[in-house]
Amino acid sequence: MKIGIYTIHSAYNFGAMFQSYATQKAIEKIGFEAEIVNLYPLKEEKNNELRVFDLEPKAMFTYCYAKLNPNIILKLKRFKNFHLSMNLSKRYFSVDEIIKTPPIYDIHLVGSDQVWNLEKGIESSLYFFLNFLKSDSIKISYGSSFGTSMVDEKHYISLKQLLTSFKAIGVRENEGVEIVKAATGFTSKQVLDPTFLLTQEEWGNLASERIINEDYILYYGFDNTEISKKIISNLKKRLGLIVVAVSGSVFFPHKVDKFIQNAGPKEFLSLVKYSKFVIASSFHGVAFAIHFKKSFVSIKHPTRNSRMESLLKNLNLINRQIENPDVLLELSERDFFIDYNDLNEEIKHQISESISWLSNSLIKSFKD
């Protein structure tokens, strides 16, 4: 049985790469053949490889800085190599190309990531509802996300029409379950991000060699607020360690001891694996801190916090979301560090449930 995966897979950011890779590998571990539908427009390729020039002064400065920086060039090369390591279909340069000649699979699977984000209207996401496939095509969703805690009711009629043809619907957030129910009346399943479907050992084996030879606090994310700055300062004061930052951006907004500009996906894994403590303002920063059993704190996003909150609530870690940085100087050692012995059973249980749901959905959908 061959599964085609429709997802956001080619963007040069850690989350997109890891969730795509994990979805493919998880399906293969269950025992099926899987490949990612390689929709990769030339515009996106040019953006990834710094071949888009903008005359706006700030953008032009960033472009020139990145183009002349060997670390950025190395980072792009590392992302490209990781992308090519996935099992990709033939390349499609546009959605229209796929619509005219849809790929043939036993099952078409969409997700994870914010594939159902409707902020720009439902028309911009139609591809990820697989509405171009024949009516007898088998479609399921794993970990699809709306990217928000609610959607405008004006989309309900369209959502019901689009999701009726899905054999099984797995969404990434608790709020996603509620959105699907409200819009369609259907019962969906909240499942873990696909990165949880691979083991700590599997991610560790994928990591590059150690990059920083001394103990360090790792910061990963994009937050430029004063809260973020104060968290960095207070953790450095409490732990007495250097702070190493990695980001998807060319520049980093806060003062740290080391900013790793050339990290591709494998280097990111190494930085988390060998860290002593993690600060994350991104979902996958938190996810990989948990994968590698690291103590961490997360920084709340003002509007897009649903997937982070779902994960932390489900694993009884919501107290790791810090809004008052001074708390970090006051917590007892017991509350400051995470004892994963208390969490392992719940994490294993939820991983097992997600793998079982995916496996059963694939098998049942095909048999039906």
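Placed above this text is the structure.
This write-up is about the structure you can find in this document. (Residues numbered from 1 in each chain as written. Predicted model: local features only at pLDDT ≥ 70, side-chain atom pairs only at ≥ 80, totals over all residues. Heavy atoms only, no water.)

**Examining the pairing of strand E9 (residues 242–246)**
Stage number 1. Of all five residues making up E9, five are buried, and the element is well covered by its neighbours.
Stage number 2. Burial of the side chains of E9 extends over both faces: Ile 242, Val 244 and Val 246 are buried on one face and Val 243 and Ala 245 on the other.
Stage number 3. Relative to E9, strand E8 (residues 216–220) runs parallel, the two sharing five bridges. Each bridged residue has a counterpart across the sheet, and for Tyr 219 the counterpart in E9 is Ala 245. (Buried < 20%, exposed > 50% of the residue type's maximum accessible area, 1.4 Å probe, protein only. Helix = DSSP H or I, 4+ residues; strand = E, 2+ residues; numbered from the N terminus. Pairing = 2+ DSSP bridges.)

**Regarding the environment of Tyr 6**
Stage number 1. As for its placement among the helices and strands, Tyr 6 is situated in strand E1 (residues 2–6).
Stage number 2. Owing to a relative accessible area of 0%, Tyr 6 belongs among the buried residues under this scheme.
Stage number 3. Filtering out sequence-adjacent residues up to four positions away, Tyr 6 remains in contact with Val 37, Pro 103, Tyr 105, His 108, Leu 109, Val 110, Gly 111, Tyr 127, Phe 128, Leu 130, Phe 132 and Leu 133.
Stage number 4. Separated by 2.8 Å, the side chains of Tyr 6 and His 108 make a polar contact. (Contact = heavy atoms within 4.5 Å. Polar contact = N/O pair within 3.5 Å; in protein donor to acceptor, adjacent residues only side chain to side chain.)

**Side note on the nonpolar core**
Stage number 1. Formed by 73 residues in total, the largest nonpolar core has its most connected members in Trp 203, Ile 290 and Phe 296.
Stage number 2. For this core, the element with the highest residue contribution is helix H1 (residues 14–30), accounting for seven residues.
Stage number 3. By size, the runner-up hydrophobic cluster in this structure holds 28 residues, among which are Tyr 105, Leu 118, Phe 128 and Val 180. (Core = buried A, V, L, I, M, F, W, Y, C linked by side-chain atoms within 4.5 Å.)

**Some words on the sheet that holds strand E2 (residues 33–39)**
Stage number 1. Strand order in the open sheet formed by seven strands is E3-E2-E1-E4-E5-E6-E7, with parallel pairing between adjacent strands. For this open sheet the edge positions go to strand E3 (88–92) and strand E7 (189–190), each flanked by a neighbour on one side alone.
Stage number 2. Of the pairings in the sheet, the one linking E1 to strand E4 (residues 107–110) comprises four bridges and is parallel in character. Across the sheet, the residue bridging to Tyr 6 is Val 110, located in E4.

**Details of the sheet that holds E9**
Stage number 1. Taken in spatial order, the six strands line up as E10-E9-E8-E11-E12-E13 in an open sheet, and their pairing is parallel. On the outer flanks of this sheet lie strand E10 (258–260) and strand E13 (321–322), each paired with one strand and no other.

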